[in-house]
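Spelled out, the chains give:
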Amino acid sequence: MSSPLLTTQPRRRLRHFLSAPRLRLWLTLVMALASAWVWTVAQAQEASSAAIAPSPEAAEESGGMSEQARIQALRRASDAVLGVEVLGLADARSNASVGRERQGSGVVIDSDGLVLTIGYLIVEAEQVQLVLDDQRRLPARVVAYDVATGFGLLQALTPLPLAPVPLGDSAALRHGEPLMVVSGGDNGAVSLAQLVSRRPFAGYWEYQIDQALFTAPPRTDHSGAAVFNAEGELLGVGSLLVADALGNDSPTHLPGNMFVPVELLKPILAELRHNGTTVASRRAWLGLNCMERDGQVRVLRVNDDSPAEEAGVQPGDRIERIDGAQVQSLEQLWKQLWNGGQPERVITLDIRREGEPHRLTLHSVDRMTTLSKAEGI
């Protein structure tokens, strides 16, 4: 079974959706969602059902905002989300992983036309356009790309007819709290989601954050999508579709999305606007894609012309130690890499290949120095 309220609503119908009686029902369900989640509870074990069930506090609190104020806040939030179309530089390394032609979303966070998005959409960009709901396309430039958090910032080059959204407090979210997920562009849509877990996340591509947000049900148009609370405050920016949003401690698996929380943006926003990146992004890079399973970390892919390729690292290698420190998880591997010294230094990997131990010496590089920029940026 599935609730009609969980159906993704196309953006072209959004104004009707936000003024129709079904939104009033949605706002009621903001505080009591149990009946709306039969789509997954009926399929999950009892333990997983408890994991995603709304907490009593989330169900009981109604907040101080009136119904009409909520409708206006949610409409403003949805209107602030736009499409992002990017053409990468012809020789960009990132084209191998995210393609040269990229599409996603962004959200306006400042009255001067500053747009927050996910960084991999705009890394090594040659051209950027912002797509409004009426299909108008406006030029933009890249302001910042932050390797450490994964955020990207864009600046509209012409005035945007959109009001910015306030940044919320994702740390205050409770499990089971209802959320609104909005994407932009020609196929933009809005849907209901729920927070199902908050935990550290380590990506296969040399990426790790300590408090990622995981929501369900999943959205495939997640790249740069915005997630809002019931007050229309921005809580995070979409990064990934994940097979398991509940985490390794859960006995069952639930597909969903990973969002980068805005708490990571607040302390670095001024630095990003001024410098185009952060000090934390000036860190060692090896050019590895790795996977973690059962306490083992194995190499999935080696980037072309990277320190790992030059040192002879191969797909299938099991990484056992980095600079003498034991490796049993992606988080351990990446944090030891970044915290072990200067970005450009000699790094030792102890690996096991076809059952045989090997020690490899790599010369790491500063990740930011490997990224190309369009002329004039």
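None of the values given here were measured: they were computed from a predicted structure.

Draft legend 1. Main features of the side chain of serine 239. Position of serine 239 among the secondary structure elements: in strand E12 (residues 234–242). Look past the residues within four positions of serine 239 in its chain and what remains in contact with it is Ile118, Tyr120, His222, Met258 and Val260.

Draft legend 2. Geometry of helix H6 (residues 67–79). Counted at 1.5 Å a residue, the expected span for H6 with its 13 residues is 18 Å, and the 18 Å between its end C-alpha atoms agrees. Every buried residue belonging to H6 is among Arg70, Ile71, Ala73, Leu74, Ala77 and Ser78, and all of these are buried. All buried residues of H6 project into a common sector of 165° when viewed along the axis, lining one side.

Draft legend 3. Spotlight on the pattern of salt bridges. Enumeration according to the criterion identifies 17 salt bridges in this entry. Where glutamate 231 meets arginine 70, a salt bridge forms, and the shortest distance between an N and an O atom there is 2.6 Å. Note that glutamate 231 is positioned in the loop between strand E11 (226–228) and E12 and arginine 70 in helix H6, a separation of 161 residues in sequence. Salt-bridge contacts for arginine 273 lead to aspartate 110; the nearest nitrogen and oxygen are separated by 3.3 Å. Placement of the pair is arginine 273 in helix H9 (residues 269–275) and aspartate 110 in the loop between strand E3 (101–108) and strand E4 (114–118), with a sequence separation of 163 residues.

Draft legend 4. Molecular detail of the packing of aromatic side chains. If you walk through the whole model with that rule in mind, you get five aromatic pairs. Aromatic pair tyrosine 204 and tryptophan 205: ring centres 4.9 Å apart, planes at 75°, arrangement edge-to-face. With relative accessibility at 29%, the residue tryptophan 205 sits in the partly exposed group. Put simply, the rings of Phe201, Tyr204, Trp205, Tyr207 and Phe214 touch in pairs and so form one group of aromatic residues. The ring of tryptophan 285 carries arginine 367 above its face, with NZ or CZ at 4.5 Å from the centroid.

Draft legend 5. Molecular detail of the environment of glycine 287. Relative to the helices and strands, glycine 287 is located in the loop between strand E14 (284–285) and strand E15 (288–293). In sequence terms glycine 287 and aspartate 304 are 17 residues apart; their C-alpha atoms lie 7.8 Å from each other. In this view, glycine 287 contacts Glu206, Arg301, Val302, Asn303, Ser306 and Ala308; residues no more than four positions away in its chain are not counted.

Draft legend 6. Here's a closer look at the pairing of strand E8 (residues 178–182). The buried fraction of E8 is high, at five of five residues. Burial along E8 is two-sided: Pro178, Met180 and Val182 facing one way and Leu179 and Val181 facing the other are all buried. One ladder, built from five bridges, connects E8 with strand E9 (residues 189–203); its direction is antiparallel. Its bridge partner being in E9, proline 178 is matched across the sheet by glutamine 194. The turn linking E8 back onto E9 is made up of six residues, and glycine 185 within it adopts a positive phi angle of 95°.

Draft legend 7. Representation of the environment of alanine 96. Relative to the elements of secondary structure, alanine 96 occurs in helix H7 (residues 95–98). Each C-alpha atom of the pair alanine 96 and aspartate 304 lies 9.5 Å from the other, and the pair is 208 residues apart in sequence.

Draft legend 8. Main features of the nonpolar core. Formed by 56 residues in total, the largest nonpolar core has its most connected members in Val107, Leu116, Leu130, Leu160, Phe228, Leu234 and Met258. With 23 residues, the next largest nonpolar core counts Leu288, Val299, Ile319 and Leu333 among its residues.

Draft legend 9. Inspection of the confidence of the model for the chain at higher detail. Averaged over all residues, the pLDDT of the chain equals 86, while 83% of them reach at least 70. With pLDDT under 50 throughout, residues 1–6 is counted as low confidence; its partners more than four residues away or in other chains account for 14 contacts. With pLDDT under 50 throughout, residues 15–55 is counted as low confidence; its partners more than four residues away or in other chains account for 88 contacts.

Draft legend 10. Structural context of the environment of phenylalanine 151. Tracing the chain through its elements places phenylalanine 151 in strand E7 (residues 151–156). C-alpha of phenylalanine 151 to C-alpha of leucine 269: the two residues are 118 residues apart in sequence and 10.0 Å apart in space. The residues contacting phenylalanine 151, other than those within four sequence positions of it, are Leu116, Thr117, Gly119, Ala144, Tyr145, Asp146, Val237, Val260, Pro261, Val262, Leu264 and Leu265.

Draft legend 11. Representation of the pairing of E3 in the model. Most of E3 is tucked away: six of the eight residues are buried. Between the end of E3 and the start of E4, which pair antiparallel, lie five residues, with glycine 113 showing a positive phi angle near 90°.

About the cut-offs
- Residues numbered from 1 in each chain as written.
- Predicted model: local features only at pLDDT ≥ 70, side-chain atom pairs only at ≥ 80, totals over all residues.
- Heavy atoms only, no water.
- Helix = DSSP H or I, 4+ residues; strand = E, 2+ residues; numbered from the N terminus.
- Contact = heavy atoms within 4.5 Å.
- Expected span 1.5 Å × (residues − 1).
- Buried < 20%, exposed > 50% of the residue type's maximum accessible area, 1.4 Å probe, protein only.
- Arc of directions from axis to C-beta.
- Salt bridge = Lys/Arg side-chain N within 4 Å of Asp/Glu carboxyl O.
- Phe/Tyr/Trp six-rings, centres within 6.5 Å; stacked < 30°, edge-to-face > 60°.
- Lys NZ or Arg CZ within 6 Å of the ring centre and 35° of its normal.
- Pairing = 2+ DSSP bridges.
- Core = buried A, V, L, I, M, F, W, Y, C linked by side-chain atoms within 4.5 Å.
- pLDDT = per-residue confidence, 0-100.

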